[in-house]
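# Examining the three-dimensional arrangement
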Amino acid sequence: MSHNHNHKHCEKHNHCCDGHHHEHKKYELVKLIISLVLFILSFIIKDYSLIFILIAYVIISVELIIDVIKNIFKGNIFDEKFLMLIATIGAFIIGEYKEALAVMLFYQLGELLNDKAVDKSRDSIVKLMNLRSDIARIIADNTE
């Protein structure tokens, strides 16, 4: 996740303290669904196939592209986002438009599923931490 907001620690740790993270995940899911619908339409309405694919690609990858540009300026060039961008641009260059979009859709779906798994793990850890007792009693020689 790399949505810009005022909580820098949230961006670093893929979570947010004010509920913003959940809204961002919904936003990402909506983008994924819209892009997927456009992808499906590209098979059905063949005359507008490339237009649907390009629109879907922009919708699903605009934040990734922005992140790649930011990372390049920070000196962090070769990360997974950069490689995804290069792979999909390469697919576009050789005329494999649907494959380029499919790769980006699968990548973004993987990111959403990963975020969900991390959130569940974090929630489980928090629940476990809440099970601990605040008071410890020591029993020695049958006395407390």
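Look a little higher up for the structure.
Now for a quick tour of the structure.

## Regarding the pattern of salt bridges
This structure, assessed with the given rule, holds five salt bridges. Residue Glu63 is joined to Lys31 by a salt bridge in which the shortest nitrogen-to-oxygen separation is 3.4 Å. Highlighted residues: Glu63 in helix H3 (residues 49-74) and Lys31 in helix H2 (residues 20-44), separated in sequence by 32 residues. The exposure classification of Glu63 matches that of Lys31, with both residues buried. Put simply, Arg122 and Asp119 hold a salt bridge, and the shortest N to O gap is 3.0 Å. With Arg122 and Asp119 both in helix H5 (residues 97-131) and three residues apart, the pair spans about one turn of that helix. A relative accessible area of 24% means that Arg122 is categorised as partly exposed. Because the salt bridges share partners, they merge into one network encompassing Lys25, Asp119 and Arg122.

## A word on the packing of H2 against H3
The angle between the axes and the distance between the axes are what describe a pair of packed helices. Here H2 crosses H3 at 165°, and the two axes come no closer than 8 Å. As far as their axial angle goes, H3 and H2 are roughly antiparallel. The crossing of H2 and H3 is left-handed. Contacts between H2 and H3 involve His24, Tyr27, Glu28, Lys31, Leu32, Ile34, Ser35, Leu38, Leu41 and Ser42 from the first element and Ser49, Phe52, Ile53, Ile55, Ala56, Ile59, Ile60 and Glu63 from the second.

## Points about the packing of aromatic side chains
Applying the stated criterion to the full structure yields four aromatic pairs. Centre to centre, the rings of Phe78 and Phe82 are 5.3 Å apart; their planes meet at 90°, and the pair counts as edge-to-face. Using a relative accessible area of 15% as the deciding quantity, one classes Phe82 as buried. Through pairs of rings, three or more aromatic residues link up here, namely Tyr57, Phe92 and Tyr97. The side chain of Lys98 reaches across the aromatic face of Phe43, ending 3.9 Å from its centre.

Definitions and cut-offs
- Every chain is numbered independently, its residues counted from 1 as its sequence is written.
- Local features are withheld for residues below a pLDDT of 70 in this predicted model, meaning they are given only at 70 or higher, and side-chain atom pairs are given and counted only at 80 or more; totals for whole chains, interfaces and linings count all residues.
- Side-chain metrics rest on all non-hydrogen atoms present in the structure, leaving aside hydrogens and water.
- A pair is scored as a salt bridge if a Lys or Arg side-chain nitrogen falls within 4 Å of a carboxyl oxygen belonging to Asp or Glu.
- Strands are runs of DSSP state E lasting at least 2 residues, helices are runs of H or I lasting at least 4, and numbering of each runs from the N terminus.
- The buried label applies to any residue whose accessible area, calculated with a 1.4 Å probe on protein chains only, is under 20% of its type's maximum; exposed applies above 50%, and partly exposed to all values in between.
- To get an axis, a line is fitted to the C-alpha atoms, and for a helix only the part in contact is used. The angle between two axes follows their N-to-C directions and goes from 0 to 180 degrees.
- Geometric relationships in this document are graded by angle, where less than 35 degrees denotes roughly parallel, more than 145 denotes roughly antiparallel, 65 to 115 denotes roughly perpendicular, and other angles denote oblique.
- With the far helix as reference, a near helix turned anticlockwise by less than a right angle produces a left-handed crossing, and one turned clockwise produces a right-handed crossing.
- Residue contacts are defined here by distance: any two heavy atoms, one from each residue, within 4.5 Å place the two residues in contact.
- In summary, the pairing rule links any two rings of Phe, Tyr or Trp, Trp by its six-membered ring, whose centres are within 6.5 Å, and it sorts them by plane angle into stacked for under 30 degrees, edge-to-face for over 60 and tilted for everything else.
- Note on criteria: charge over ring means Lys NZ or Arg CZ within 6 Å of the ring centre, with the direction from the centre no more than 35 degrees off the ring normal.

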